[in-house]
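Remarks on the overall topology
Chain residues, written in single-letter form:
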Amino acid sequence: MTEPTSSSSLQDYTFSPNYIATQIRMLRTDKQYSGSFLIAEGDTDARVWKRFVDSTKCRVEIAHNKDNAIKPTFRTPNWHIHGVRGQK
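A few points on the structure.

Turning our eyes to something else, we now look at the environment of Glu61. For Glu61, the position within the fold is in strand 2 (residues 58-62). Residue Glu61 is classed as partly exposed on the basis of its relative accessible area of 23%. Sequence separation between Glu61 and Asp43 is 18 residues; the distance between their C-alpha atoms is 8.8 Å. Every residue in contact with Glu61, bar those within four places of it in the chain, is listed here: Phe37, Leu38, Ile39 and Ala40.

Tallying each qualifying case throughout the model produces two aromatic pairs. Judged by centre distance (5.1 Å) and plane angle (65°), the rings of Tyr33 and Phe37 are edge-to-face. For the pair formed by Tyr33 and Phe37, the shared burial category is buried. Plain terms: the ring middles of Trp49 and Phe52 are 6.4 Å apart, the flat faces sit at 70° to each other, and that makes the pair edge-to-face.

Further remarks concern the pairing of strand 1 (residues 36-40). Most of strand 1 sits out of view: four of its five residues are buried. Pairing geometry for strand 1 and strand 2, over five bridges, is parallel. Bridge pairing links Ile39 to Glu61 in strand 2. As for the winding sense of the linkage, the β-α-β connection from strand 1 through helix 2 (residues 43-50) to strand 2 is right-handed.

Right, let's talk about unusual backbone geometry for a bit. The phi dihedral of His64 falls on the positive side, at around 75°, and the residue is not glycine. Tracing the backbone through its elements, the reader meets His64 in the loop between strand 2 and helix 3 (66-75).

If you walk through the whole model with that rule in mind, you get two salt bridges. With a shortest N-O distance of 4.0 Å, Asp43 and Arg47 are connected by a salt bridge. Within this pair, Asp43 and its partner Arg47 are both found in helix 2, separated by four residues, close to a single helical turn. On the accessibility criterion, Asp43 (45% relative accessible area) is partly exposed. Arg47 gets classed as exposed once you look at its relative accessible area, which sits at 52%. With a shortest N-O distance of 2.6 Å, Arg59 and Glu61 are connected by a salt bridge. Classification of Arg59 as partly exposed rests on a relative accessible area of 32%.

Cut-offs applied
Residues numbered from 1 in each chain as written. Predicted model: local features only at pLDDT ≥ 70, side-chain atom pairs only at ≥ 80, totals over all residues. Heavy atoms only, no water. Helix = DSSP H or I, 4+ residues; strand = E, 2+ residues; numbered from the N terminus. Buried < 20%, exposed > 50% of the residue type's maximum accessible area, 1.4 Å probe, protein only. Contact = heavy atoms within 4.5 Å. Phe/Tyr/Trp six-rings, centres within 6.5 Å; stacked < 30°, edge-to-face > 60°. Pairing = 2+ DSSP bridges. Right-handed = clockwise from strand over helix to strand, strands pointing away. Salt bridge = Lys/Arg side-chain N within 4 Å of Asp/Glu carboxyl O.

Now the structure itself:
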């Protein structure tokens, strides 16, 4: 993640696929969340997918771009974190 300038907002942060995969890993290892994750490409996609998933069993996360939606799904099996799906 790059550091924002003093005048930037949270939307100006640049998230990497590794950052997203690490966030999911931390939620799993800390036992904060045991359901599935669906990684949506953007906020519009996330709003659509939230209509179709059971929020008690699946958490929709926003990746902010296509690469970030797909690449974390390749990292998480190597970390033995299951229940992650990227959707573009």
